[in-house]
Amino acid sequence: MNSSADRTANVTRKTAETNIRVAINLDGTGQAKLATGIGFLDHMLDQIARHGLIDLDISCEGDLHIDGHHTVEDIGITLGQAFSQAMGDKKGIRRYGHSYVPLDEALSRVVVDFSGRPGLHMDVKFTSGSLGALDTQLVYEFFQGFVNHALCTLHIDNLKGVNAHHQCETIFKAFARAVRAALELDPRSAGVIPSTKGSL
Ligand SMILES: [Mn+2]
């Protein structure tokens, strides 16, 4: 576990299906080095880094000869594990965050609570089945993997959207902005765990 002074993590996760390495700094500047083997996923992870001001270094060797499922889901899992480790005891965080992000005709809302309990509630109807090499069904699998291991409640709603690239990008940008707000250290509650329970 890290103290709030150093919110970084390095996680490796290797199975018969994927070999993943994730390095993150929650207090970064948005630097990203991404090599997942799925170009569109790299583009989305780049949004998390840039708009979340999180430094992200992610590499994956996955069984893409089958399809992208294991790669996308397992990156969600490993990223969630890295978040958990980097957050440490969650002292001084704001805990809740939300964001609305538009991109032209598309608009998404993401609300997050780093509650210690996993829960994904996602209402997104993609207008296309794939985005480059990314099957749009896998966006749900990514966030399910993340939520199960970052132990957060996550509500994702795409409110409007015609172009599926826009829909997906607004989801990841809104996720990034919501996460940034939730994990920001609040100087008014320095060293305090934001729960009347005393732990998260
Ligand atoms: Mn784009």
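Here we summarise the structure given alongside this text.

Cut-offs used in this document
Residues numbered from 1 in each chain as written. Predicted model: local features only at pLDDT ≥ 70, side-chain atom pairs only at ≥ 80, totals over all residues. Heavy atoms only, no water. Helix = DSSP H or I, 4+ residues; strand = E, 2+ residues; numbered from the N terminus. Expected span 1.5 Å × (residues − 1). Buried < 20%, exposed > 50% of the residue type's maximum accessible area, 1.4 Å probe, protein only. Donors = N, O, S within 2.8 Å, 3.2 Å for Na, K, Ca; no water. Core = buried A, V, L, I, M, F, W, Y, C linked by side-chain atoms within 4.5 Å. Contact = heavy atoms within 4.5 Å. Pairing = 2+ DSSP bridges. Axes fitted to C-alpha atoms, helices over the stretch in contact; angles between N-to-C directions. Polar contact = N/O pair within 3.5 Å; in protein donor to acceptor, adjacent residues only side chain to side chain.

Turning our eyes to something else, we now look at helix H3 (residues 138-150). The end-to-end C-alpha distance of H3 is 18 Å, a good match for the 18 Å that 13 residues give at a rise of 1.5 Å each. The complete set of buried residues in H3 reads Leu-138, Val-139, Phe-142, Phe-143, Gly-145, Phe-146, Val-147 and Ala-150. Backbone geometry just after H3 places Leu-151 at a positive phi near 55°.

Ideal donor angles around a metal are set by the shape: a four-donor tetrahedron calls for 109.5 degrees, a six-donor octahedron for 90 or 180 degrees. Summarising the metal site, the manganese ion is bound by the protein donors His-43 (NE2), His-165 (NE2) and Glu-169 (OE), whose distances to it range over 1.9 to 2.2 Å. Linear spacing of the donor residues for the manganese ion on their chain is H-x121-H-x3-E. Taken together, the positions of His-165 and Glu-169, both in helix H4 (residues 164-183) and four residues apart, correspond to about one turn of that helix. Using a relative accessible area of 31% as the deciding quantity, one classes His-165 as partly exposed.

Here we come to the nonpolar core. Within the largest apolar cluster, 54 residues are counted, with the highest numbers of intra-cluster contacts made by Ile-24, Leu-79, Phe-83, Phe-114 and Phe-143. For this core, the element with the highest residue contribution is H4, accounting for ten residues. Those residues in contact with Phe-83 that lie beyond four places of it in its chain are Ile-24, Leu-26, Ile-54, Phe-114, Phe-146, Ala-150, Val-179 and Leu-183.

The next point concerns the sheet that holds strand S10 (residues 153-160). Here we have four strands laid out as an open sheet, ordered S5-S6-S10-S7, and mixed in their pairing. Looking along the sheet, the strands with just one partner apiece sit at the ends: strand S5 (96-103) and strand S7 (119-123). Strand-to-strand twist of the sheet, defined as the mean angle between neighbouring strand axes without regard to direction, takes the value 10°. Sheet topology note: the S5/strand S6 (residues 106-113) ladder contains eight bridges and is antiparallel. Counterpart to Tyr-100 in the pairing with S6 is Arg-109. Of the strands in this sheet, S5, S6 and S10 touch H4, which is tilted by about 150° from S5.

On to the sheet that holds strand S1 (residues 8-14), then. Strand-to-strand pairing in sheets goes through backbone hydrogen bonds, with the strands running parallel or antiparallel. One open sheet holds the four strands; their spatial order is S1-S2-S4-S3, and the pairing between them is mixed. In the strand order of this sheet, the two ends are held by S1 and strand S3 (32-35), each with one partner. Strand-to-strand twist across the sheet, computed as the mean angle between neighbouring axes with direction ignored, equals 5°. Of the pairings in the sheet, the one linking S3 to strand S4 (residues 55-62) comprises four bridges and is parallel in character. The residue bridging Ala-35 from the neighbouring strand is Ser-59, located in S4. Set on the sheet, helix H1 (residues 39-52) makes contact with S3 and S4; between it and S3 the angle comes to about 160°. Strand contacts of helix H2 (residues 69-87): S1, strand S2 (18-25) and S4, with the helix running at about 35° to S2, the strand carrying the most contacts.

Another point: H4. When the terminal C-alpha atoms of H4 are compared, their 29 Å separation across 20 residues agrees well with the 28 Å that a helix rising 1.5 Å per residue should span. Among the 20 residues of H4, 16 are classified as buried, and the element is accordingly described as predominantly covered. N-capping of H4 is provided by Asn-163, with a side-chain oxygen placed 3.0 Å from the backbone N of His-165.

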